[in-house]
Amino acid sequence: MRVIGHAERLLEKMCRRLLSRVAFGKALADQSLWQERIAEARTQINMCRLLTQHVAWLMDTVGAQAARSE
């Protein structure tokens, strides 16, 4: 869970940086390449969070040995 929190903070820093930087007359955050990268990062963070929650639920319901493969 610490890694997920760290990833959230880094994503927030990346978004702030993109809003403050200007290239070719517009903010970097307005360029589609960076919007795609931010969306991909958000998707990966959410995927990790859900997988962690799923494994925690499995550990609570069936035990650590049965959840080991997840």
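Our subject is the structure that appears above.
## Considering the pattern of salt bridges
Inference 1: The final tally for this structure, using the stated rule, is 3 salt bridges.
Inference 2: Residue Glu8 is joined to Arg42 by a salt bridge in which the shortest nitrogen-to-oxygen separation is 2.8 Å. One end of the pair, Glu8, is in helix 1 (residues 2-20); the other, Arg42, is in helix 2 (residues 32-62), and 34 residues separate them in sequence.
Inference 3: One salt bridge connects Arg49 with Glu8, and the closest N-O pair in it is separated by 3.0 Å. Here Glu8 lies in helix 1 and Arg49 lies in helix 2, a separation of 41 residues in the sequence.
Inference 4: Assessed through its relative accessible area of 25%, Arg49 is described here as partly exposed.
Inference 5: On the accessibility criterion, Glu8 (21% relative accessible area) is partly exposed.
Inference 6: Connected through shared salt-bridge partners, Glu8, Arg42 and Arg49 make up one network.

## Structural notes on the nonpolar core
Among soluble globular proteins, nonpolar side chains are generally buried collectively.
Inference 1: Counting residues in each nonpolar core, the largest one holds 7 residues, listed as Ile4, Leu11, Leu18, Leu28, Ala29, Ile38 and Ile45.
Inference 2: Elements with a minimum of two residues in this core: helix 1 and helix 2.
Inference 3: Ranked by residue count, the leading element in this core is helix 1, at 3 residues.
Inference 4: In this view, Leu28 contacts Leu18, Arg21, Ala23 and Trp34; residues no more than four positions away in its chain are not counted.

Parameters at a glance
- Residues numbered from 1 in each chain as written.
- Predicted model: local features only at pLDDT ≥ 70, side-chain atom pairs only at ≥ 80, totals over all residues.
- Heavy atoms only, no water.
- Salt bridge = Lys/Arg side-chain N within 4 Å of Asp/Glu carboxyl O.
- Helix = DSSP H or I, 4+ residues; strand = E, 2+ residues; numbered from the N terminus.
- Buried < 20%, exposed > 50% of the residue type's maximum accessible area, 1.4 Å probe, protein only.
- Core = buried A, V, L, I, M, F, W, Y, C linked by side-chain atoms within 4.5 Å.
- Contact = heavy atoms within 4.5 Å.

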